[in-house]
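Structure at a glance
The lines below spell out each chain.
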Amino acid sequence: ENDAGDYTCVCGDKQSTASLAVHALPVLFKEELKNEEVLEGTSVSLRCELTKAAPVQWKIRSKVLKASDKYQMRQPGTTAELVIHDLEVKDA
């Protein structure tokens, strides 16, 4: 999208201009989340990979998760990761 704009070819006192539009591709899941089974009191890391870097939002049911001591969110490049610490049965 950063390449969109008007481009001009200049030759002496003559020029030709064209407008370039770049349409963004949708973000897709390259690798989806995988089901996990872990023991109470431990931590788990949930990861997914996107086709390009984009902001993600983590939810459990309809509740949006916020970063805290319990929930750690990282997003290096196209990988989105949620680490849940000190798991309890209610976290399932």
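Right, let's walk through the structure included here. Note that this is a predicted model, so its numbers are computed, not measured. (Residues numbered from 1 in each chain as written. Predicted model: local features only at pLDDT ≥ 70, side-chain atom pairs only at ≥ 80, totals over all residues. Heavy atoms only, no water.)

Notes on the layout of surface pockets
The space that makes up the largest pocket amounts to roughly 510 Å³. Secondary-structure elements contributing two or more residues to the lining of the largest pocket are β4 (44-50), β5 (59-60) and β8 (79-84). For the lining of the largest pocket, the class distribution of residues is 14 nonpolar, one polar and seven charged. The calculated volume of the second largest pocket comes to roughly 150 Å³. Around the second largest pocket, the lining residues are F29, E32, L33, C48, L50, V56, Q57, W58, K59 and A80. (1 Å grid on protein atoms, 1.4 Å probe; cavity = no way out; pocket = protein on both sides within 12 Å on 5 of 7 lines; lining within 4 Å. Points joined across faces, edges and corners; volume = space filled by probe spheres on them. Helix = DSSP H or I, 4+ residues; strand = E, 2+ residues; numbered from the N terminus. Nonpolar A, V, L, I, M, F, W, Y, C, P; charged D, E, K, R; others polar.)

As for the pattern of salt bridges
For the structure shown, the criterion picks out six salt bridges. In this structure, K34 engages E31 in a salt bridge whose closest nitrogen and oxygen atoms are separated by 3.0 Å. Note that E81 and R47 form a salt bridge whose closest N and O atoms lie 3.1 Å from each other. In this pair, E81 is assigned in strand β8 and R47 in strand β4, connecting sequence segments 34 residues apart. One continuous salt-bridge network, built from bridges that share partners, spans R47, R74 and E81. (Salt bridge = Lys/Arg side-chain N within 4 Å of Asp/Glu carboxyl O.)

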